[in-house]
Amino acid sequence: MSAIRSDLPWLSPLTWLKRGFADLQATHFAGAVYGLVFVALGYALALVYAYFWKATMGLTASFFLLGPIVCTGIYDLSRQVQNGVDVSLLNSMKAWLPNWKAMGFFAIILTFLMIVWARVSIVIFALFADQEYPHLESLFSQIASLKNIEFLMVWASVGAIFASFAFAISVVSVPMLLDRPSDTLGAIFTSANALWNNTIVCLVWAALIVVLIGLALVFFKPLLVLTAPWVGHATWHAYQDLVVNDEDALKASSV
């Protein structure tokens, strides 16, 4: 497990976003290609949920299997800028190959977690609802209704547990698997350690991700063309700040 910095200012995520937007500009917004993938998946999720909700789970699983690989390309674009090499969208698409086994295993773990989360949500809704599984509009109306306060409390509490665990294991996992010859469990433990030692910083970062990705996904999916790669570039800088470089760690240990 790699060493973690624990002295970061709690507003560091704003700096990551600033650096991430600089990478967007430096790469001539090449990451928008990956953003289009997120837009397409967002529309696909909404469409399938609206007309055939039983297939939503499989599509969600596919989203999380593809997500880490898509994000890897964005991280690699930032790495190209950092290393001062010519920006290549094609090379970024192949960046996951050197450590594909570890990345694939991580994708499976995250996908399994999200499938369990989806199944638990269905069970919770079934316990509190007196009708068949709703369409999207019906779901929103039931969630917004104060008559379902018990459902809201249970669903939000269980969802918070799953979301916290998913975030804990993925704060820096994929950038680390891209940047170093790390194994999956080592990256997961490093990510969890980063959250443990920088809790406030990581919570601020999570809130910003919800604002930039979540709101775009719900209210205006085309905006993901910009916000998804922006968050991706910023995540690379989050990894750079949170995880100590191996050379720096060696120097520190020799002092």
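As a convention, each chain's residues are numbered from 1 in the sequence order in which they are written. Local features are withheld for residues below a pLDDT of 70 in this predicted model, meaning they are given only at 70 or higher, and side-chain atom pairs are given and counted only at 80 or more; totals for whole chains, interfaces and linings count all residues. Values shown for side chains rest on all heavy atoms present in the structure; no hydrogens or waters enter the calculation.

1. A closer look at the overall build of the protein chain
When helices and strands are counted, the protein chain shows 12 helices and zero strands. Out of the 255 residues in the protein chain, the part that is buried amounts to 43%. What makes two residues a contact is simply this: any of their non-hydrogen atoms within 4.5 Å. Nonlocal contacts in the protein chain, meaning residues at least 24 apart in sequence, comprise 77% of its contacts between residues at least 6 apart. Note that accessible areas follow from Shrake-Rupley with a 1.4 Å probe, and for residues the cover is restricted to the protein chains shown. For the protein chain, the accessible area works out to roughly 13600 Å², and carbon and sulfur atoms hold 71% of it. Going along the chain from the N terminus, every DSSP run of H or I of four or more residues is numbered as a helix, and every run of E of two or more is numbered as a strand. Only protein chains enter the area calculation, which uses a 1.4 Å probe; residues under 20% of their type maximum are buried, those over 50% are exposed, and those in between are partly exposed.

2. So, unusual backbone geometry
The phi angle at His 28 is positive, at roughly 55°, despite the residue not being glycine. Among the structural elements, His 28 can be located in the loop between helix H1 (12-26) and helix H2 (32-51). Of note in this structure, Phe 29 is not a glycine but carries a positive phi near 60°. Residue classification places Phe 29 among the partly exposed positions, given a relative accessible area of 38%.

3. Comments concerning the nonpolar core
Counting residues in hydrophobic clusters, the biggest one holds 52 residues, and the most contacted among them are Trp 16, Phe 106, Leu 110, Phe 167, Trp 205 and Leu 242. Phe 167 has contacts with Ser 191, Leu 195, Cys 202, Trp 205, Ala 206 and Ile 209, leaving out every residue within four places of it along the chain. Side-chain atoms within 4.5 Å link the members of a nonpolar core, which is a set of buried Ala, Val, Leu, Ile, Met, Phe, Trp, Tyr and Cys residues.

4. Some thoughts on the pattern of salt bridges
What makes a salt bridge here is a side-chain nitrogen of Lys or Arg within 4 Å of a carboxyl oxygen of Asp or Glu, nothing more. Applying the stated rule across the entire model yields three salt bridges. Note that Arg 19 is salt-bridged to Asp 241, the shortest N-O span being 3.2 Å. Here the residue Arg 19 occupies a position in helix H1, and Asp 241 occupies one in helix H11 (residues 224-242), the gap between them amounting to 222 residues. Note on Asp 241: relative accessible area 19%, which makes it buried.

5. With respect to the packing of aromatic side chains
Two rings belonging to Phe, Tyr or Trp (six-membered ring only in the last case) form a pair when the distance between their centres is within 6.5 Å. Interplanar angles under 30 degrees mark stacking, angles over 60 mark edge-to-face geometry, and anything in between is tilted. With the rule as written, the count across this model stands at four aromatic pairs. Pairing Phe 21 with Trp 230 gives two aromatic rings, centres 5.6 Å apart and planes at 70°, and the pair type is edge-to-face. Note that Phe 21 is positioned in helix H1 and Trp 230 in helix H11, a separation of 209 residues in sequence. Ring geometry for Trp 236 and Tyr 239: centres 5.4 Å apart, planes at 50°, overall tilted. Here Tyr 239 and Trp 236 lie together in helix H11, a separation of three residues that amounts to about one turn. Overall, the relative accessible area of 0% leaves Trp 236 in the buried class. Ring pairs connect the aromatic residues Phe 21, Phe 29 and Trp 230, which therefore count as one cluster.

6. Re helix H10 (residues 199-219)
Residue pairs spaced three or four apart in an α-helix point in one direction, given the helix's 3.6 residues per turn. Expected helix span is given by 1.5 Å per residue-to-residue step, counting one fewer step than there are residues. In a regular helix each residue adds 1.5 Å, so 21 residues correspond to 30 Å; H10 covers 29 Å between its end C-alpha atoms and thus fits that length. Take the seven residues that end at a residue and the seven that start at it, fit an axis to each, and the angle between those axes is the bend at that residue. Approximately 25° is the largest bend angle found in H10, and it occurs at Val 210. Of all the residues in H10, the buried ones are Val 201, Cys 202, Val 204, Trp 205, Ala 206, Leu 208, Leu 212 and Ala 216.

7. Some points on a nonpolar patch on the surface
Taken together, the side chains of Phe 29, Val 211, Leu 215, Leu 217, Val 218, Phe 219, Phe 220, Leu 223 and Leu 226 present a nonpolar region at the surface, about 820 Å² in accessible area. For the nonpolar patch, the element with the highest residue contribution is H10, accounting for five residues. Nonpolar side chains (Val, Leu, Ile, Met, Phe, Trp, Tyr) are joined into patches within 5 Å and like charges within 9 Å, using only residues with over 30% relative accessible area and no salt bridge.

8. A word on the environment of Asp 183
As for its placement among the helices and strands, Asp 183 is situated in the loop between helix H8 (173-179) and helix H9 (184-197). On the basis of relative accessibility, which here comes to 48%, the residue Asp 183 falls in the partly exposed class. Considered as a pair, Asp 183 and Ser 173 are 10 residues apart in the sequence and their alpha carbons are 9.8 Å apart. Apart from the residues lying within four places of it in its own chain, the contact partners of Asp 183 are Ala 102 and Leu 177.

9. Considerations on the packing of H10 against H11
Every axis corresponds to a line fitted to the C-alpha atoms, with the helix fit spanning only the stretch in contact, and the corresponding angles, defined between N-to-C directions, vary from 0 to 180 degrees. Viewed as axis vectors pointing N to C, H10 and H11 meet at an angle of 160°, and their least axial separation amounts to 9 Å. What the angle tells us is that H10 and H11 run roughly antiparallel. At the point where H10 passes H11, the crossing takes the left-handed sense. Contacts between H10 and H11 pair Trp 205, Ile 209, Leu 212, Ile 213, Ala 216 and Leu 217 from the former with Leu 224, Thr 227, Ala 228, Trp 230, Val 231, Ala 234, Thr 235 and Ala 238 from the latter. For this classification, under 35 degrees means roughly parallel, over 145 means roughly antiparallel, 65 to 115 means roughly perpendicular, and everything else is oblique. Handedness of each helix crossing follows the sense of rotation of the near helix against the far helix: counterclockwise by less than a right angle gives left-handed, clockwise gives right-handed.

10. Observations concerning the confidence of the model for the protein chain
The score called pLDDT rates the predictor's confidence residue by residue, from a low of 0 to a high of 100. Taken as a whole, the protein chain shows an average pLDDT of 82; of its residues, 78% reach a score of 70 or greater. Ranking the elements of the protein chain by mean pLDDT puts helix H12 (residues 246-254) last with 46 and H1 first with 97. Every residue in residues 249-255 is under pLDDT 50, and counting partners more than four places away or in other chains gives one contact.

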